[in-house]
Amino acid sequence: MNLKLSYRILLLAVISLMIIGSAEVLSASSIISYLKYESFYHLFTSHLIKIFIAIGALILFSFIPYEIYKKYSKKLIVGIVVLLFITLFVAHSTKGAGRWINLYAFSFQPSEIAKLVLLIHLAYLIEEKGKDLKNFNKGFLFPLVWIISIAFLIILQPNVSVSIMIVIVSFAILFVGGAKLTHLVFSLGTIGSLAGFAMWSMPHSNKRLASFLDSFGNGGHINTQVFQAKVALGSGWWYGIGLGQSRQSDLFLPEAYGDFIFSIVGEELGFIGAAVILFIYLTIFIIGVIVAKNAKDQFGQLLAFGISFTIILSAFINAAVVTGIIPTTGIPLPFISYGGTSIIFTCAAMGIIVNIAMQAYKAKRIKAEIKK
């Protein structure tokens with residue numbers, strides 16, 4: 001596929017998801033918005049502001065040469081570790097999970113920033129270490145230390161789901177980057193065991209996991225949110241009941257405009273609409289892989305793969321939670337869930353992929369002209 005066409009399809013896919021997401025946020029948030037703020041459009045307006053900021057971030061990062069991140073990679077990773085550490089003491093948790101830092105007019109979630117920064121640093125380290133990556137002490141240990149550090153600080157917030165996702169994406173990048181399989185399996189097994197212990201030790205994650213396991217043993221429902229989400233999805237049938245016609249968002253499904261917005265998509269747009277949404281995420285991933293394959297250096301390849309893999313993993317985890325396949329997590333649906341730090345930095349990450357594609361396209365044109 002032509003690289004110029006690739007990043008245009010990528011931009012079209014992202015904008016399409018944000019337009020659909022804005023319509024669904026309006027539909028899902030209007031009642032709760034009126035009850036809390038005496039305005040049907042308060043939450044929707046807040047979401048739109050973040051959407052415009054996110055689009056600005058996408059455009060800005062599209063024009064920043066991605067090679068520049070190599071230069072600041074070490075400073076960025078040290079900075080985010082310090083920020084995550086500070087977060088444990090100054091930030092507030094939401095419903096027992098996740099930490100937010102309030103700065104007067106706005107708040108942000110450092111763990112969302114950490115996901116992108118870690119991707120950048122891992123891509124830099126893998127390229128720098130080269131063949132030494134297959135040697136545990138000389139290569140593999142360095143990215144492993146940063147992965148464990150970031151995941152540990154996030155799990156202490158507590159935010160187990162984001163921590164697990166970071167580990168999965170990081171090890172996928174290490175695998176693609178050429179790390180030794182035995183090192184990956186041993187390290188992932190050790191980290192997985194520690195993560196499982198942490199999930200059982202922390203009251204918030206323990207409650208979610210226990211209710212999930214109990215639903216299998218006793219045949220009950222995982223929780224009210226998942227039950228109402230399934231009702232919403234079932235109500236949509238093939239074609240949905242119509243945009244803006246959701247019944248579950250009328251306070252039946254708690255915070256339907258957030259992490260469970262996929263159920264409202266299924267209710268209003270039906271199975272076909274929900275399937276199209278998932279197909280768009282798959283398209284983003286495929287385009288990301290194409291861009292990675294054509295990137296002019298390994299840093300760009302790993303960065304494009306890591307970002308696109310993060311997005312599709314987030315989307316399918318969110319869908320799996322809503323359908324009750326896995327325990328409830330706090331992973332938002334990219335570009336669609338009520339926005340904040342997640343949508344802004346996800347769009348910034350997409351801007352990086354666009355820049356990688358643009359530079360690869362220019363490099364190929366120059367090579368073609370030289371051959372002539």
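Just so it is clear, the structure is predicted and the values come from calculations on it, not from any experiment.

## Section: the packing of aromatic side chains
For step 1, the next point in the chain: Tallied over the full model, the rule gives 10 aromatic pairs.
For step 2, the next point in the chain: Measuring from ring centre to ring centre gives 5.3 Å for Trp 238 and Phe 271, while their planes differ by 80 degrees; the resulting arrangement is edge-to-face. With a gap of 33 residues between them, Trp 238 in the loop between α9 (224–236) and α10 (261–294) and Phe 271 in helix α10 connect regions that are remote in the sequence. We note that Trp 238, like Phe 271, is exposed.
For step 3, the next point in the chain: For the ring pair Phe 285 and Phe 309, a centre distance of 6.3 Å and an interplane angle of 55 degrees mean the geometry is tilted. Here Phe 285 is found in helix α10, whereas its partner Phe 309 is found in helix α11 (residues 298–322), with 24 residues between them in sequence.
For step 4, the next point in the chain: Classification of Phe 309 as buried rests on a relative accessible area of 18%.
For step 5, the next point in the chain: Members of the aromatic cluster, connected to one another through ring pairs, are Phe 285, Phe 305 and Phe 309.

## Description of the side chain of Asn 318
For step 1, the next point in the chain: Mapped onto the elements of the fold, Asn 318 is located in helix α11.
For step 2, the next point in the chain: For Asn 318, the contacting residues outside a window of four places in its chain are Asp 259, Phe 262, Ile 331, Pro 332 and Leu 333.

## Describing α11
For step 1, the next point in the chain: End to end, α11 covers 36 Å across 25 residues, agreeing with the expected 36 Å (1.5 Å per residue, within 8%).
For step 2, the next point in the chain: In terms of residue burial, α11 counts as a mostly covered element, since 22 of its 25 residues are buried.
For step 3, the next point in the chain: Where α11 ends, the next residue or the one after it, Gly 324, has phi of about 80 degrees, a positive value.

## Some remarks on the packing of helix α1 (residues 3–37) against α10
For step 1, the next point in the chain: Between α1 and α10, the shortest axis-to-axis distance is 10 Å and the interhelical angle comes to 155 degrees. The angle between α1 and α10 places the two elements in the roughly antiparallel class. Every pair of crossing elements has a handedness; the one defined by α1 and α10 is left-handed.
For step 2, the next point in the chain: Grouping the constituent residues of the contact of α1 with α10 by class yields 20 nonpolar, five polar and two charged.

## Section: empty space enclosed by the protein
For step 1, the next point in the chain: The tally for this structure, following the rule as stated, stands at two cavities of 30 Å³ or more.
For step 2, the next point in the chain: A volume near 200 Å³ is recorded for the largest cavity.
For step 3, the next point in the chain: Around the largest cavity, the lining comprises 15 residues; the ones closest to its centre are Glu 112, Lys 115, Thr 310, Ile 311 and Thr 346.
For step 4, the next point in the chain: Every element with two or more residues in the lining of the largest cavity is listed here: α4 (110–129), α11 and α12 (341–371).
For step 5, the next point in the chain: Grouping the constituent residues of the lining of the largest cavity by class yields nine nonpolar, four polar and two charged.
For step 6, the next point in the chain: Counted as a void, the second largest cavity has a volume near 60 Å³.
For step 7, the next point in the chain: At the level of secondary structure, the elements contributing two or more residues to the lining of the second largest cavity comprise α4 and α6 (160–176).
For step 8, the next point in the chain: Looking at which element gives the most residues to the lining of the second largest cavity, the answer is α6, with four residues.
For step 9, the next point in the chain: Taken together, the residues that form the lining of the second largest cavity break down as five nonpolar, two polar and one charged.

## A closer look at the pattern of salt bridges
For step 1, the next point in the chain: All chains considered together, the criterion is met by four salt bridges.
For step 2, the next point in the chain: Its salt-bridge partner being Asp 297, residue Lys 70 comes within 3.4 Å of it at the nearest N-O pair. Placement of Lys 70 in helix α3 (residues 68–90) and of Asp 297 in the loop between α10 and α11 is noted, with a sequence separation of 227 residues between them.
For step 3, the next point in the chain: Given a relative accessible area of 24%, Lys 70 falls into the partly exposed group.
For step 4, the next point in the chain: Judged by relative accessible area, Asp 297 falls into the buried class, the value being 15%.
For step 5, the next point in the chain: Close ionic contact of Lys 115 with Glu 112 constitutes a salt bridge, the shortest N to O distance being 3.1 Å.

## Here's the deal with a positive patch on the surface
For step 1, the next point in the chain: There is a patch of like positive charges on the surface, built from Lys 293, Lys 364, Lys 367 and Lys 371.
For step 2, the next point in the chain: Take the positive patch: its biggest share by element is three residues, from α12.

## Remarks on the nonpolar core
For step 1, the next point in the chain: Judged by nonpolar contacts, the single largest core of 103 residues is most densely connected at Ile 150, Tyr 281, Ile 284, Ile 307, Phe 335 and Met 350.
For step 2, the next point in the chain: If sequence neighbours within four positions are ignored, Ile 307 has contacts with Leu 116, Leu 119, Ala 349, Met 350, Ile 352 and Ile 353.

## Some thoughts on the packing of α3 against α4
For step 1, the next point in the chain: Orientation of α3 relative to α4, taken along the N-to-C sense of each, is 145 degrees, at an axis distance of 9 Å. Every pair of crossing elements has a handedness; the one defined by α3 and α4 is left-handed. Of the residues in α4, those touching α3 at Tyr 69, Lys 70, Ser 73, Lys 74, Leu 76, Ile 77, Ile 80, Leu 83, Leu 84 and Thr 87 are Pro 110, Ser 111, Ile 113, Ala 114, Val 117, Leu 118, Ile 120, His 121, Tyr 124 and Glu 127.
For step 2, the next point in the chain: When grouped by side-chain class, the residues that make up the contact of α3 with α4 number 13 nonpolar, four polar and three charged.

## Let's talk about the confidence of the model for the chain
For step 1, the next point in the chain: For the chain, the average pLDDT comes to 86, and 90% of its residues sit at 70 or higher.
For step 2, the next point in the chain: Averaged pLDDT values for the elements of the chain fall to 60 in strand β1 (residues 92–94) and rise to 94 in α11.

## Some remarks on unusual backbone geometry
For step 1, the next point in the chain: The backbone of Trp 237 sits at a positive phi, close to 50 degrees, despite the residue not being glycine.
For step 2, the next point in the chain: By the element assignment, Trp 237 lies in the loop between α9 and α10.
For step 3, the next point in the chain: Trp 237 gets classed as exposed once you look at its relative accessible area, which sits at 65%.
For step 4, the next point in the chain: Residue Phe 335 is not a glycine yet carries a positive backbone phi of 70 degrees.
For step 5, the next point in the chain: Positionally, Phe 335 belongs in the loop between α11 and α12.
For step 6, the next point in the chain: In this structure Phe 335 comes out as buried when scored by relative accessible area, which is 2%.

Parameters at a glance
Residues numbered from 1 in each chain as written. Predicted model: local features only at pLDDT ≥ 70, side-chain atom pairs only at ≥ 80, totals over all residues. Heavy atoms only, no water. Phe/Tyr/Trp six-rings, centres within 6.5 Å; stacked < 30°, edge-to-face > 60°. Helix = DSSP H or I, 4+ residues; strand = E, 2+ residues; numbered from the N terminus. Buried < 20%, exposed > 50% of the residue type's maximum accessible area, 1.4 Å probe, protein only. Contact = heavy atoms within 4.5 Å. Expected span 1.5 Å × (residues − 1). Axes fitted to C-alpha atoms, helices over the stretch in contact; angles between N-to-C directions. Parallel < 35°, antiparallel > 145°, perpendicular 65-115°, else oblique. Left-handed = near helix turned anticlockwise from the far one by under 90°. Nonpolar A, V, L, I, M, F, W, Y, C, P; charged D, E, K, R; others polar. 1 Å grid on protein atoms, 1.4 Å probe; cavity = no way out; pocket = protein on both sides within 12 Å on 5 of 7 lines; lining within 4 Å. Points joined across faces, edges and corners; volume = space filled by probe spheres on them. Salt bridge = Lys/Arg side-chain N within 4 Å of Asp/Glu carboxyl O. Patch = residues over 30% accessible without salt bridge, like charges linked within 9 Å, V, L, I, M, F, W, Y side chains within 5 Å. Areas by Shrake-Rupley, 256 points an atom, 1.4 Å probe, with all protein chains shown as cover. Lys, Arg positive; Asp, Glu negative; His and termini not counted. Charge placed at Lys NZ, Arg CZ, Asp CG, Glu CD. Core = buried A, V, L, I, M, F, W, Y, C linked by side-chain atoms within 4.5 Å. pLDDT = per-residue confidence, 0-100.

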